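Each chain, written out:
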Amino acid sequence: MRFQILGPVRLWRDGAELDAGPPQQVYLLALLLARAGRPVGTPELIDLIWGDDAPATARNVVQKYVGALRRILEPGLPARNSGSFLHRRGDAYLFTAGPDMLDLAAFREHVALGDYGAALDMWRGPAGGGLGPATIFTSLDEEFFHACTAAAAHAVAGDRPERVLPGLRLAASMAPFHEPVQAGLVAVLGAAGRQAEALAVFRTVRERLAEELGIDPGPALVEAHRRVLAPPERGAPVTRRSGLVGRADELAVLRQVLGGAPTGIGVIEGEPGAGKTRLLREIAAEAEGDGTLVVWGSCLEGDGTPAMWPWEQALGAIVASLPAPDRAGWLTGEAGAVIAPREGAWDLPGENAQFRLFEQVVALVGRGASRRRTLLILDDLQWADAASLQLFHHLAGRLPGGTAMIVALRDRAPTVSTAVSRALAAVSRLPGHHRVRLGPLGPADVAALVRDESGADPGDDVAHAIHVRSAGNPFFVRELARLLTESGEAGLTGVPSTVRDVVRDRMAGLGDRARDLVHIAALIGRDVDLRLLSRAGGVGVADCLNLLEPLHALGLLEYATDDPSALRFAHDLVRESVTETTPKQQAVRGHLRVADALEHVHADDEVVTEQLAYHLWAAGPLAEPARTAEALIRAGRCAATKLAFGAAVRHLRSAVRVACTSGLMEQELAALTLLAVVVRRQSGYDASTVDLLERAEYLAGALGRDDEAADFLFIRMMGAFTAMEKDRGRLALRMRDLGRDSTDPAVQQYGRLAWGLHQWDIGRIGAAYRAFTTEPADGPDRETPLRRDGSIPGEGPGWRAVTTALHGDVTAALAVVDGWDVPGDPYAASVWVYYTTMIASMAGDAGTAHRAGQRWAAEGLDRLGAQIGHYVRQCRCWARALTGDDPAGAAAEAEELLAAGLLDPPQWGAAYHHGLIAEMWLAAGRLDRAADALDRAGQAMGDHGQRYAEGLLLLLQARLAQARGEPVAVVRAAAVRAQSFSAASGAHLFARRAERWVAEL
């Protein structure tokens, strides 16, 4: 599916455009697309669609439209199913679609990455295609205009103006009176060498402004016009460069404030650590560089701060800038009460006197600005006292010419007071007002900030980790970057001491009950279900909210936007700071309380299975071992169902430890059984896994379950062959003997498979083929948990397919593999690709291997994290090289993959894959590298005793000899030796390849 909202509303499935239905239904879809990723309440939808004319049946109509849209988007969707896109959230609807489907999501992603050309290309006209006047669409258009302004600055600075011209032309046609957009178009046309067109645009805009609005062009248009008339010298910077990371657009807005005529007012808001003061310093430095007088006033937290303190600082600096004769008069006049207040409490005068005082301040600022343009900065306005706010309000409304004022404040921590909100609301109605909200930094900006702080490129993985942990907050980014510098990547898992100190300081005034609640909340996670917290904390929900209200005011906790019953820590680093300060015993008790609450609130809800297991595990000895073990086993099964095999293994290993320590043999065996299933799915054998399988075999035998003991012996034997253990042949012999003595058909089959695997391993292909193709005895298998849940399509039949191919019948082998290809089953698909690429590479069929490898990539099968992925990627490289697609590059990549996945520790097939790499280097004409690869293949055979590829390696030696120009007789003798050896071992596939090659000599 593809959806378009940046222009006329359109949608496509598989390239075919769909009819979204009647106009009101299309309008509803547009509203949901415009808010994609955020719930939209039914009352709001009704208001947006009908306004004051909503019919009594409006709610039913909305539901009808939603149902119709679901059927259009997913025709096969069962009744009452929400499907993949339109979801119900209480009394709201949520539309979900990522950048690959929704143009709005793609636009925002491109903007976040700074790829403005691609971002502007997403637009086809006004958002929603003019369906209605809803501000939800006009705000999207504003996003477009804002991006266009930034794109123009970046394009001109980066000397790539043509890239953004189409988007700027569209924006200019949509917003004929939007001066920043029109200025951007003029600047980009000029930078693109289209001076005549740029000047024509400027004249058109100037005339339009004069005729329809009665105003002259603003400073942005005037500056763009000036640059067209007198462009900077080639190579000279077009825009002022800033060392500030990720705030170019915000800085551009403040420059408009600074360049406003005659005055300008700017407000910067954002969360603590967003970089407000840093941005103020940047614009202050630029202003000072242009000769502007910059005066600061900083509001301070705490009751001990003097009233009017920010004005005392700022106005004092203005007086200090005046000539000496003027200073005394201002200090002794009414304004002197603010500039140099007398000792004792400062009381605001009565109403008339207050007005006179404030007018004196206006006059003083005007006097300073008459001599030199002035920028007045007030930082941390959230801490301002009442008198300071009143003066701010008064001065903003009477700001003298030649003056700009910029204030900054936190939008939380603390919650903005009513007095501050009123002052800002009044200022927002004044001309020349600009408001900037500092949001989080995007991934690219986080990486840049880490580079600036650490002096080194962090790499994509580290930058991503810092972005996730910091949520893009610049303060947190800098502190994590310092940890990175001090402690390396290991430091990234810790909490910077500065962050921990801030959190401790904000929590210092909490009462014991509130502090206990926040510690429990931190154990729950970043997102906190109020019902769960209430139960775990032993307080009612209403009391819970009251107790946590100070945390909200302090900016540590916030209300979740999409769930009224949830709270959220402002940042995960805040949550981690709380957990780090939680005493160990308190944390252990807290985990048990959370586990008890989970079981009570969510009962048997599978959604919390893994959470419950984690909290019981973390509760340690306070939780009953049997309860913990059962929860961990359920969590392991849940994770395995989601193909999260790594998480499943962690849960199950923990369950084994708990059960073993407590002597719970039944539960230990249950955990080991499920672990064995996961290991088989993942082929993730290592030394510790083999030890656990040996333990499982012992437990099954001790409990009198001989058939299950045989299951574990067989899996352990398979692991020994996968990991190339020295005693793998002994285990195969033991399994064969057990199969001969057993009356269980499954165990008998185990014995034959084990012996066949051993014969294949040592290079006796004929004997392996006979063992694998012997029909099993009649009679029902005894069902065991492993046989029921751990069936593997390629186990046994896969080995039979490979040895069938090696024995000479490739067609029959591939037909066997095709029989396992179950549509919609990613695991079955991965096994199919694995065996198909293996057989094709043995047969020298690069085309078949290439097509199978393409399926692996197309279906994203790497996500399964299975060991077979290493082999598939190796064979894909081989197919690339043999089909002429950069053979040298493919061979080099294969060598890296082999070293990373199959050599340390050694895995099955290392010698064979060295041989494939040798064949790749031969295709690339790099004979020295081919010889090295063949030497490594021989070394691997000698080290590990795995010889099934020996016939192929002998053939490759002959081919190398020919490529080196050896005499034909020598080459022919080597090839005949390869053919004879392969035929004698039953590897008729390699024998025929050698025979065909000899015939071509």
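Whatever comes next refers back to the structure up there.
Read on for an overview of the structure. Throughout, residues of each chain are indexed from 1 in the direction in which the sequence is written. At least 70 in pLDDT is required for a residue's local features to be given in this predicted model, at least 80 for side-chain atom pairs to be given and counted, and no such filter applies to totals for whole chains, interfaces and linings, which use all residues. Only hydrogens and water are removed before side-chain values are computed, so all heavy atoms of the structure are retained for them.

Here we come to the packing of helix α35 (residues 745–761) against helix α38 (residues 797–806). The N-to-C vectors of α35 and α38 enclose an angle of 40°; their axes lie 11 Å apart at closest approach. Classed by the angle they form, the pair α35 and α38 counts as oblique. At the point where α35 passes α38, the crossing takes the left-handed sense. Across from Leu753, Leu757 and Trp760 in α35, the residues of α38 making contact are Trp799, Val802, Thr803 and Leu806. Side-chain classes are defined by residue name, with Ala, Val, Leu, Ile, Met, Phe, Trp, Tyr, Cys and Pro counting as nonpolar, Asp, Glu, Lys and Arg as charged, and the others, Gly among them, as polar. By residue class, the composition of the contact of α35 with α38 is six nonpolar, one polar and no charged. Note on geometry: axes are C-alpha line fits, over the in-contact stretch for helices, and angles between N-to-C directions span 0 to 180 degrees. A run of H or I in DSSP counts as a helix once it spans at least four residues, and a run of E counts as a strand once it spans at least two, with each numbered from the N terminus. Should an angle fall under 35 degrees it is taken as roughly parallel, and over 145 as roughly antiparallel, whereas 65 to 115 is taken as roughly perpendicular and any remaining angle as oblique. In this scheme, a crossing is called left-handed if the near helix is turned counterclockwise away from the far one by less than a right angle; it is called right-handed if the turn is clockwise. Residue contacts are defined here by distance: any two heavy atoms, one from each residue, within 4.5 Å place the two residues in contact.

For the rest of this paragraph, the subject is the pattern of salt bridges. The rule for a salt bridge is simple: a side-chain nitrogen of Lys or Arg has to be within 4 Å of a carboxyl oxygen of Asp or Glu. Scanning the entire structure with this criterion turns up 43 salt bridges. The residue Glu286 makes a salt bridge to Arg255 at a minimum N-O spacing of 2.7 Å. Taken together, the positions of Glu286 in helix α12 (residues 276–289) and Arg255 in helix α11 (residues 248–258) put the pair 31 residues apart, joining distant regions of the chain. In the salt-bridge network here, residues are joined through shared partners; they are Glu162, Arg169, Arg194 and Glu197.

In this section: the sheet that holds strand β2 (residues 10–13). Taken in spatial order, the three strands make up an open sheet running β1-β2-β3, and their pairing is antiparallel. Pairing within the sheet leaves two strands with one partner each, and these edge strands are β1 (2–4) and β3 (16–17). Here β1 runs beside β2; their pairing, made up of three bridges, is antiparallel. When the bridges of β2 are listed, Arg2 appears paired with Trp12. For two strands to count as paired, DSSP must find a minimum of two bridges between them.

This next bit is on the layout of surface pockets. The method is simple in principle: a probe with the dimensions of a water molecule rolls over the atoms, and the space it marks as empty is what remains. Roughly 620 Å³ of volume is contained in the second largest pocket. Put plainly, a pocket is an open set of points on a 1 Å grid over the protein atoms alone with protein on both sides within 12 Å along at least five of seven lines, a cavity is a set where a 1.4 Å probe fits but cannot get out, and a lining residue has an atom within 4 Å of a point. If you go around the second largest pocket, you meet 32 residues; those closest to its centre are Pro272, Gly273, Arg410, Val502 and Arg506. Among the elements of the structure, α12, α21 (474–487) and α22 (497–507) are those that each provide at least two residues to the lining of the second largest pocket. Top contributing element to the lining of the second largest pocket by residue count: α22, with five residues. Taken together, the residues of the lining of the second largest pocket sort by class into 14 nonpolar, six polar and twelve charged. Grid points are joined across faces, edges and corners, and a volume is the space filled by probe spheres set on the points.

The grouping of Phe177, Leu213 and Ile215 at the surface amounts to a nonpolar patch, some 240 Å² of accessible area in total. Of note, Ile215 is situated in the loop between α9 (195–213) and α10 (219–229). Only residues whose relative accessible area exceeds 30% and that form no salt bridge are eligible for patches; like-charged ones are grouped when within 9 Å, while nonpolar side chains (Val, Leu, Ile, Met, Phe, Trp, Tyr) are grouped when within 5 Å. Computed by Shrake-Rupley with a 1.4 Å probe, the accessible areas treat only the displayed protein chains as cover when residues are assessed.

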